[in-house]
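Summary of structural features
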Amino acid sequence: MNPKNKPGGLIKFVIDGQKVEAGPGWSILETARHHHIHIPTLCFHPAVTPWGSCRLCVVETRYGKRSQVVASCLTRPVPELEVMTNSERVQNVRRWVLEMLLAECPASREVKDLAAQYGVTSTRFAIKDPNEECLKCGRCVAVCHEVVGVNALTFGSRGVTKQLETPHRVPNNACVGCGCCVSVCPTGALQARLDTVRGDLARRTGHGFAH
Ligand code: FES
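Below is a short write-up of the structure. Predicted model, so just to flag it, every value in this text is computed and none were measured. For every chain, the first residue of the written sequence is number 1, and numbering continues from 1 along that sequence. Where local features are concerned, this predicted model is filtered to residues with pLDDT of at least 70; where side-chain atom pairs are given and counted, the filter is 80 or more; whole-chain, interface and lining totals use all residues. Each side-chain value is derived from all of the structure's non-hydrogen atoms; neither hydrogens nor water enter the calculation.

Considerations on the overall build of the protein chain
This is how the line gets drawn: Comment: elements are numbered from the N terminus, with helices defined as DSSP H or I runs of at least four residues and strands as E runs of at least two. Here's how the labels work: a residue is buried when its accessible area is under 20% of the maximum for its type, exposed when over 50%, partly exposed in between, all with a 1.4 Å probe on protein chains only. The contact criterion used throughout is that any non-hydrogen atoms of two residues lie within 4.5 Å. For the area figures, the Shrake-Rupley method with a 1.4 Å probe applies, and any residue is considered shielded solely by the protein chains shown.
Secondary structure assignment for the protein chain yields seven helices and seven strands. Seen in sequence order, the protein chain has helices and strands lined up from the N terminus as β-β-α-β-β-β-α-α-α-β-β-α-α-α. Looking at the protein chain as a whole, 42% of its 211 residues qualify as buried. Residue pairs at least 24 apart in sequence account for 52% of intrachain contacts in the protein chain once pairs closer than 6 positions are excluded. As displayed, the protein chain offers around 11700 Å² of accessible surface, 52% of which is attributable to carbon and sulfur atoms.

So, helix α4 (residues 139-148)
Considered for burial, the residues of α4 that qualify are Arg139, Cys140, Val141, Ala142, Val143 and Cys144. Residues of α4 that are buried in the fold lie against β6 (154-156), β7 (163-165) and α5 (180-184). Where α4 terminates, the next one or two residues include Gly149, which has phi positive at roughly 75°.

Details of empty space enclosed by the protein
As a reminder, the rule being used: Method remark: on a 1 Å grid restricted to protein atoms, a set of points is classed as a cavity if a 1.4 Å probe fits but cannot get out and as a pocket if it is open with protein on both sides within 12 Å along at least five of seven lines; lining residues have an atom within 4 Å of a point. Grid points are joined across faces, edges and corners, and a volume is the space filled by probe spheres set on the points. Throughout, the ten residues Ala, Val, Leu, Ile, Met, Phe, Trp, Tyr, Cys and Pro are labelled nonpolar, Asp, Glu, Lys and Arg are labelled charged, and all others, Gly among them, are labelled polar.
This structure, assessed with the given rule, holds three cavities of 30 Å³ or more. Size it by volume and the largest cavity reaches roughly 110 Å³. Lining the largest cavity are 14 residues, and of these Cys134, Cys140, Leu164, Cys185 and Ala189 sit closest to its centre. Classifying every residue of the lining of the largest cavity gives nine nonpolar, two polar and three charged.

Some points on the pattern of salt bridges
As a reminder, the rule being used: What makes a salt bridge here is a side-chain nitrogen of Lys or Arg within 4 Å of a carboxyl oxygen of Asp or Glu, nothing more.
Summed over the entire model, instances satisfying the criterion amount to seven salt bridges. In this structure, the salt-bridge partner of Lys136 is Glu104, at a minimum N-O distance of 2.7 Å. Of this pair, Lys136 sits in the loop between α3 (109-117) and α4 while Glu104 is found in helix α2 (residues 88-104), placing the two residues 32 residues apart along the sequence. Residue classification places Glu104 among the partly exposed positions, given a relative accessible area of 33%. For Arg109, the salt bridge identified is with Asp113, shortest N-O distance 3.2 Å. Taken together, the positions of Arg109 and Asp113, both in helix α3 and four residues apart, correspond to about one turn of that helix. Accessibility expressed as a relative area gives 49% for Arg109, which makes it partly exposed. Asp113 sits in the partly exposed class, given a relative accessible area of 37%. Bridged by salt links that share partners, the residues Glu60, Arg62 and Arg89 form one connected network.

Things to note about unusual backbone geometry
Although it is not a glycine, His36 sits at a positive phi angle of roughly 60°. Within the secondary structure, His36 sits in the loop between α1 (28-34) and β3 (58-63). Not every positive phi belongs to a glycine, and Lys136 is a case in point at roughly 55°. Lys136 gets classed as buried once you look at its relative accessible area, which sits at 6%.

As structure tokens, then:
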């Protein structure tokens, strides 16, 4: 094994024809960002563990004869991997993802703008709530759990019935009103739900929600 490619060492691979190096543990997305190569994202945030929920960050990888489309925020490179961030295959998958996101959160300006960049202006998927802005990316849940450490937010149900909730669907006294959930939300959806999340924080502390 080449010592430079040993676990924990730099990994040399190629993104869009450019030779790049990944630091220990970096994903393809983190390496691309380090080298100023753009890959669109919605759910990724450097402060929390990547969850891979939006799938917007897909890229095409080639390794030997093997080619696949993967989420770049969840995938670590291997030496001599070839990555294409905007191949035809990637663009097709991204358009499909954006159609699904348009159905999931049709009121989100960010999603609409991103979709328009890929020529997607409508969706073939069923729209449950035309006023929905939340794309259920999980950034708010992750930052509350991993950074703030109070678990004031969670997801109820799974699949199409998945909803952002407070535990047991009641205003949550665990919330410390730090505003981290609001600040990491990629669509601004949490702003409207703040009163439910914070519960009686203002009464308990004498302060409103800090954001
Ligand atoms: S940014 Fe990678 S799946 Fe959302």
